[in-house]
Amino acid sequence: MRKIVALIIAAVAVTIAVGMMHRRNAQQAATAAAATTAAAAQPVPAETMGELERIPDSAWGRAATQAATIPAFVGDSNFSNGKPVVLYIGAGYCPYCAAARWSMVAALSRFGKFADLSLGSSSPTDVFANTPTFSFYKSSYTSDYVDFQPVEEAGELQGLDGRYAPLQTPTPAQQSLLEKYDAPPYVRASGAGGIPFMLVGGRYMWSGSPFDPGVLSGKSQAAIAATLASGAGDAAQPILSNANEMTASICALDGGKPANVCSSAVIKRAIQSLPTKSP
Amino acid sequence: MQRRTGDRLVLALAGAGLLIAGYLTLLHYDSSVPLACSAGSFVNCEVVLTSPSAMVAGLPVAVWGVAWFGVALVLAAVLLRDAATGETPRLRTLSRAWGAAGLAGVLYLVYQEVGVVGKICAWCTAVHVIIVAIVVVQSADG
């Protein structure tokens, strides 16, 4: 019996040792893959960026908030230098994050300017495969009204071990907000901790896809961006509706600035319909 | 160790393993069942149980666990019943082979947890310990 026990202990020990070696090698491969992916990232063409930055008022008005996902009111406060913090936690592989980024880029471009935004697409092997989008990884954003804090936790490609290459880690404070508010009663228990997670000023929270990523399927970023000027269409309407809702949540917290954005009729109505109580 | 005592022990261990594997199977198919497990950086059942490694041949590992413990339980019960009437060497050999297959499964799953997922599931570890204990008991009773 002692012999058998010794053999089993030896077998388990060897298995753990081999497993740990494999894990270390896989992590090194994943880090290398992430670096390669990041290096190969394509910048968003100026024309596409321009279409996102210069969406006409008529398009915003047409989309209104009829296809918007209403945020949950969590009632906290998160400001930096007097500006509401817009915290986003997502990942490159995630198709729901891919959809959310469209509305976020459109909304945030009303308050500031992105630089070094790159083209991206969701995982080729997950649901809504290759959903066209952007990546906030290694991008920057300047604004007089908003402090945007994006965290792209992983890339869109899987390593040899089946895991997505890690990119960024939330700070302890960001992780704490995710764990506190991406949880019941603000979201269903089954969706707790899910991404994308977006928290505006610590008060308004979105968790999960704001709209069906399927409407973006099979289209290029340039083709989608070109439809935004009209505010109509199966992609433009949910993108702009959700961007209007996000815009309203920022306007409700930054003192209604800039006035040309926050004083529009659509945004005023959206601010009034923002939730004021926690679920 | 007396064979009847050993068979009784295997019966009890297989019953305990069946309960845990049954709970993990319920967790997989019913999202309303709460997961009573640490969600730490190393011990994290949710990460392990939702990883690709938690599926083998299209079925959750927990389902394979239910099947394995179910067979182990039946074999131990038959051996215990037949012990009164006479020895059943073929059945005992089959029971030991089944234990060895379970042990191979444990080694594979430990490798998946440590080497692929990078996290440990406490419930899975309990199941692994039970399977190892069954194999040890089977080897001790003759």
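Residues numbered from 1 in each chain as written. Chains lettered and ligands numbered in written order. Predicted model: local features only at pLDDT ≥ 70, side-chain atom pairs only at ≥ 80, totals over all residues.

Participant: What's the story with the overall build of chain A in this structure? I'm lost.
Facilitator: Secondary structure assignment for chain A yields 9 helices and 12 strands. The 279 residues of chain A split such that 45% are buried. (Helix = DSSP H or I, 4+ residues; strand = E, 2+ residues; numbered from the N terminus. Buried ≥ 20, exposed ≤ 12 C-beta atoms within 10 Å, placed from the backbone.)

Participant: Even after reading the chapter, I still don't get the pairing of strand β6 (residues 132-135) of chain A, so can you show me in this structure?
Facilitator: Two faces, one strand: in a regular strand the side chains alternate between the faces of the sheet. Residues and elements named next belong to chain A. By the alternation rule, side chains of β6 split into Pro-132 and Phe-134 and Thr-133 and Ser-135, which are all buried. Pairing analysis gives 4 bridges linking strand β5 (residues 118-121) to β6, with the strands arranged antiparallel. Looking across to β6, one finds that Ser-121 is bridged to Pro-132. (Pairing = 2+ DSSP bridges.)

Participant: I keep staring at the confidence of the model for chain B and nothing clicks. Help me out?
Facilitator: It should be kept in mind that the predicted coordinates are not to be read in detail where pLDDT is low. The pLDDT averaged across chain B works out to 88; a share of 97% of its residues lies at or above 70. Across the predicted assembly, pTM comes out at 0.62 and ipTM at 0.82. (pLDDT = per-residue confidence, 0-100.)

Participant: What is the right way to read the nonpolar core from this model?
Facilitator: The nonpolar side chains of a soluble globular protein tend to be buried with one another. In terms of nonpolar packing, the biggest core is built from 75 residues, with Val86(A), Val105(A), Ala106(A), Leu108(A), Met198(A) and Leu240(A) touching the most fellow members. When residues of this core are assigned to their parent elements, the largest contribution, 11 residues, is made by helix α4 (residues 95-108) of chain A. Setting aside chain neighbours within four positions, we find Met198(A) in contact with Leu87(A), Tyr88(A), Ala100(A), Met205(A) and Trp206(A). Of all hydrophobic cores here, the second largest spans 38 residues; its members include Leu27(B), Ala76(B), Val117(B) and Trp123(B). (Core = buried A, V, L, I, M, F, W, Y, C linked by C-beta atoms within 7 Å. Contact = placed C-beta atoms within 7 Å.)

Participant: What exactly am I supposed to notice about unusual backbone geometry here?
Facilitator: Note: most peptide bonds trans; most residues except glycine with negative phi. Here Pro184(A) and Pro185(A) are connected by a cis peptide whose omega angle stands at 5°. Structurally, Pro185(A) can be placed in the loop between α5 (172-181) and β11 (197-200). A cis amide bond, omega -5°, links Lys257(A) with the succeeding residue Pro258(A). Checked against the element boundaries, Pro258(A) lands in the loop between α7 (236-251) and α8 (259-262). Positive phi outside glycine occurs at Lys138(A), with the angle close to 65°. Judged by local crowding, Lys138(A) falls into the partly exposed class, with 13 C-beta atoms found within 10 Å. One non-glycine residue, Ala57(B), lies in the positive phi region at around 55°. Summarising the element assignment, Ala57(B) is placed in the loop between β1 (55-56) and β2 (59-60).

Participant: Which parts of the structure should I look at to understand the environment of Pro150(A)?
Facilitator: Residues and elements named next belong to chain A. Turning to its location among the elements, Pro-150 is positioned in strand β8 (residues 147-152). Measuring from C-alpha to C-alpha, the distance between Pro-150 and Val-86 comes to 8.0 Å, with 64 residues separating the pair along the chain. Ignoring sequence-local partners within four residues, the contact set of Pro-150 consists of Tyr-88 and Phe-136.

Participant: Looking at this structure, I do not really get helix α5 (residues 122-140) of chain B. What am I missing?
Facilitator: Along an α-helix, residues three or four apart share an orientation, since each turn contains 3.6 residues. An ideal rise of 1.5 Å per residue puts 27 Å on 19 residues; α5(B) measures up with 27 Å between its terminal C-alpha atoms. Among the residues making up α5(B), those that are buried are Trp123(B), Cys124(B), Val127(B), His128(B), Ile130(B), Ile131(B), Val132(B), Ile134(B), Val135(B), Val137(B), Gln138(B) and Ser139(B). (Expected span 1.5 Å × (residues − 1).)

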